Amino acid sequence: HCPISWQTGLRDTEFFKEERGMRRAYVRRKKRYSPVDIILSAILILCGLICLEPILNTVAISFSDKTSAAMGKVGLIPIGFNWVGYKAILEEGQFFRSFMVSVERVILGTALNMVLTILMAYPLSKNVKAFPAKNRYMWIIIFLMMFNGGIVPNFMLVKSLHLMDTIWALILPGAVPIFNVILLMNFFKAIPHSLEEAAIIDGANPIQILLKVFLPMSKAALATIVLFCVVNHWNAFFDGKIYINSLEKLPLQTYIQSLVVDLNPEQMASMTEEQLNEQMKMSSLTFNSAKVVVSMLPILIIYPFLQRYFVTGIVMGAVKE
């Protein structure tokens, strides 16, 4: 009995070894790239480098000296390396105060945007039988997406509500992003209706269906909308100029936009020799490049975590039945 069992086991072992070898050979054959794959990969790599080149050039200019940047000699590598532009930004206490204002705006604004977008997209994803007033609301939101009141009426509205010089003046005017509502609404429409029917049979109410069925299945769309909201709130600077009067309440982008390099004679007279030497190394070009680099760093840090949901959320949300 033992020899037969041993031989059987040996044959089985040899069989599995041969099968694993065939699988490895198949995988190697599958990994071979065709000429078309190589050409497409090369084109995509080239497009990526073309998109990356302006960013690298901006970073290089921000670390270069005044003369090289003004003469256009800076490419992808800094010339006359220095970080005077970054020191001028970071040495200001207002920079960190404005940074925290922007962080507060991103957190509060994104949270409010997501709550209102979800609560508006969910009923609009239903058919007319379930939500008879759907078409009227759709006409309203499409009209609002194409037209707005303008700067002056918005300013008068914010002022009449006593929101001037508060964080809510930066958040409430854009509390319901219509594009995001339509994106999420179309994503909700793609969720099979049978899942909702099963939840109703189990006794779930509309809020439970939204929280336990729709939202868990919409992670890609929600991550995409979160990314849109974060980028929109972080990059916004114009509303800070018209709604905020106090320097300590300025968001980061508005504060950075207001910074200038030009010095008047009185400022130069009060500077030490070392400070004057540092200012001579910095031009408006290097300073502006440093501002751009500092302002885009948070988005570059956040984006990789949401990137894998981005394409799926856009494609699925753009499909309309």
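Provided above is the structure to which this section pertains.
Residues numbered from 1 in each chain as written. Predicted model: local features only at pLDDT ≥ 70, side-chain atom pairs only at ≥ 80, totals over all residues. Heavy atoms only, no water.

**Topic: the packing of aromatic side chains**
Operational definition: Each Phe, Tyr or Trp ring (for Trp, its six-membered ring) is paired with any other whose centre lies within 6.5 Å, and the angle between the two planes then decides the class: stacked below 30 degrees, edge-to-face above 60, tilted in between. Helical segments are the DSSP runs of H or I of at least four residues, strand segments are the runs of E of at least two, and each set is numbered from the N terminus. Categorising residues by exposure relies on relative accessible area from a 1.4 Å probe, with only protein chains included: less than 20% of the type maximum marks a residue as buried, more than 50% marks it as exposed, and the intermediate range marks it as partly exposed.
As enumerated under the stated definition, the model contains twelve aromatic pairs in all. Ring centres of Tyr122 and Phe188 lie 6.3 Å apart, and the angle between their planes is 85 degrees; this geometry places the pair in the edge-to-face category. Remark: Phe188 occurs in helix α9 (residues 178-189) and Tyr122 occurs in helix α5 (residues 93-124); sequence separation between them is 66 residues. Plain terms: the ring middles of Tyr122 and Phe214 are 5.1 Å apart, the flat faces sit at 75 degrees to each other, and that makes the pair edge-to-face. With Tyr122 in helix α5 and Phe214 in helix α11 (residues 206-214), this residue pair connects regions lying 92 residues apart in the sequence. As far as burial versus exposure is concerned, Tyr122 and Phe214 are alike and both buried. Clustering of aromatic rings is evident, with ring pairs tying together Phe63, Phe81, Trp83 and Tyr86.

**Points about a nonpolar patch on the surface**
Put simply, the rule reads: Candidate patch residues must exceed 30% relative accessible area and have no salt bridge, after which like charges are joined if within 9 Å and Val, Leu, Ile, Met, Phe, Trp or Tyr side chains if within 5 Å. The method behind every accessible area is Shrake-Rupley, applied with a 1.4 Å probe, and residues are considered shielded solely by the protein chains displayed. A carboxyl oxygen of Asp or Glu within 4 Å of a side-chain nitrogen of Lys or Arg is what we treat as a salt bridge.
Taken together, the side chains of Tyr137, Ile140, Ile142, Phe143, Leu144, Met145, Met146, Phe147 and Phe179 make up a nonpolar region of the molecular surface, amounting to roughly 930 Å² of accessible area. When residues in the nonpolar patch are grouped by element, the largest group, seven residues, is from helix α6 (residues 134-146). Looking at where Phe147 falls in the secondary structure, it is placed in the loop between α6 and α7 (151-160). On the basis of relative accessible area, Phe147 is assigned to the partly exposed category, the value being 47%.

**Quick look at the pattern of salt bridges**
Taken as a whole and assessed by the stated rule, the structure comprises two salt bridges. Notably, a salt bridge pairs Arg105 with Asp239, separated by 2.6 Å at the nearest N-O pair. On the criterion of sequence distance, the pair formed by Arg105 in helix α5 and Asp239 in helix α13 (residues 238-243) is long-range, its members being 134 residues apart. Measuring nitrogen to oxygen at the nearest pair gives 2.7 Å for the salt bridge that ties Glu196 to Lys126. Separated by 70 residues along the polypeptide, Glu196 in helix α10 (residues 193-201) and Lys126 in the loop between α5 and α6 bring together distant segments of the chain. Relative accessible area serves as the criterion here: at 15%, Lys126 is assigned to the buried category.

**Topic: the state of the cysteines**
We count it as follows: Pairs of cysteine sulfur atoms within 2.5 Å are what we label disulfides.
Under the counting rule described, the total for this entry stands at zero disulfides. Left without a disulfide partner, Cys47 is nearest to the cysteine sulfur of Cys51, which lies 6.7 Å away. Take Cys47: its relative accessible area is 39%, and that puts it in the partly exposed class.

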